[in-house]
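Structure at a glance
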Amino acid sequence: MDIQVKDTAGEAVGEIVLDDCVWGAPSNDALLHQVVVAQLANKRHGTHESQTRAQPAYSTRKLYGQKNTGRARLGSRRSPTMVGGGTIFGPHLRSYRQRVPKKMRQQALRIALSDKARDGRLTVLDGLAIESPRTREMSELVERLGIQGRTLLVVSNRDSSVSMSSRGLPGFEVSVADMLNPTITVRAANLVVTREAALRIDQLWGRASNASEAGK
């Protein structure tokens, strides 16, 4: 697949050939949805807890007689109908973890990347170099590229200047190619990838990677 490459001024400077296996995968909304839901669920701690009627530190003595009071029958101060009593069907400690096979995660990422390429929301930069952290420099880059909405910038290696420059931009996120996943890719309206990061993505999830795994 041939993708146009732009410089930091927003001008086309050439093309790059990317792996169709990664950037031209057929859409599969069901698979993508399943993986994203599982990844979001796996981020939940599940540490919520509420008290049942057996746990509040109150006496179990019957508050008043069963009959002849004109009031509802009540057996304990711990009743869920009393203030400070137990909770009915409240949340308890649990794990939300969902197991997703490795090949499903990889294919979901390919689908997410391919959807961005098909929709024209993929921009490949020839290079990105920021000497010192400056939010204005990153903001001007976004403006020159004509990007609007939530944006994900993918770089090949960690760069503190790039990360700190984008920190003040609303809806702007930076990720390293090795840490890319379907969830952060899907929630971004635009995908900006440096040339080195695009080649790294092809190396990790392209045909060469599939062939090496098949040979194991």
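Each value, and the rule that gives it
- Residues numbered from 1 in each chain as written.
- Predicted model: local features only at pLDDT ≥ 70, side-chain atom pairs only at ≥ 80, totals over all residues.
- Heavy atoms only, no water.
- pLDDT = per-residue confidence, 0-100.
- Helix = DSSP H or I, 4+ residues; strand = E, 2+ residues; numbered from the N terminus.
- Pairing = 2+ DSSP bridges.
- Axes fitted to C-alpha atoms, helices over the stretch in contact; angles between N-to-C directions.
- Contact = heavy atoms within 4.5 Å.
- Parallel < 35°, antiparallel > 145°, perpendicular 65-115°, else oblique.
- Left-handed = near helix turned anticlockwise from the far one by under 90°.
- Nonpolar A, V, L, I, M, F, W, Y, C, P; charged D, E, K, R; others polar.

1. Brief notes about the confidence of the model for the protein
Across the protein, pLDDT averages 92, with 97% of residues at or above 70. The weakest mean pLDDT in the protein belongs to helix H8 (residues 207-214) at 70; the strongest belongs to helix H2 (residues 29-42) at 97.

2. Thoughts on the sheet that holds strand E1 (residues 2-6)
Where strands meet in a sheet, backbone hydrogen bonds hold them as pairs that are either parallel or antiparallel. Spatial strand order, E2-E1-E3-E6-E4-E5: 6 strands in an open sheet with mixed pairing. The open sheet is flanked by strand E2 (12-17) and strand E5 (172-176), the only strands paired with a single partner. Within this sheet the neighbouring strands show an average axis-to-axis angle of 30°, counted without direction. The strands touched by helix H7 (residues 195-205) within the sheet are E1, E2, strand E3 (122-125), strand E4 (151-155) and strand E6 (190-194), with E6 carrying the most contacts at an inclination of about 95°.

3. A look at the packing of H2 against helix H3 (residues 102-118)
One can describe the packing of H2 onto H3 by two numbers: an axis separation of 9 Å at closest approach and a directional angle of 115°. Here H3 runs roughly perpendicular to H2, going by the angle between their axes. Between H2 and H3 lies a crossing whose hand is left-handed. On H3, the residues touching Leu 31, Leu 32, Gln 34, Val 35 and Gln 39 of H2 are Met 104, Arg 105, Gln 107, Ala 108, Ile 111, Ala 112 and Asp 115. Classifying every residue of the contact of H2 with H3 gives 7 nonpolar, 3 polar and 2 charged.

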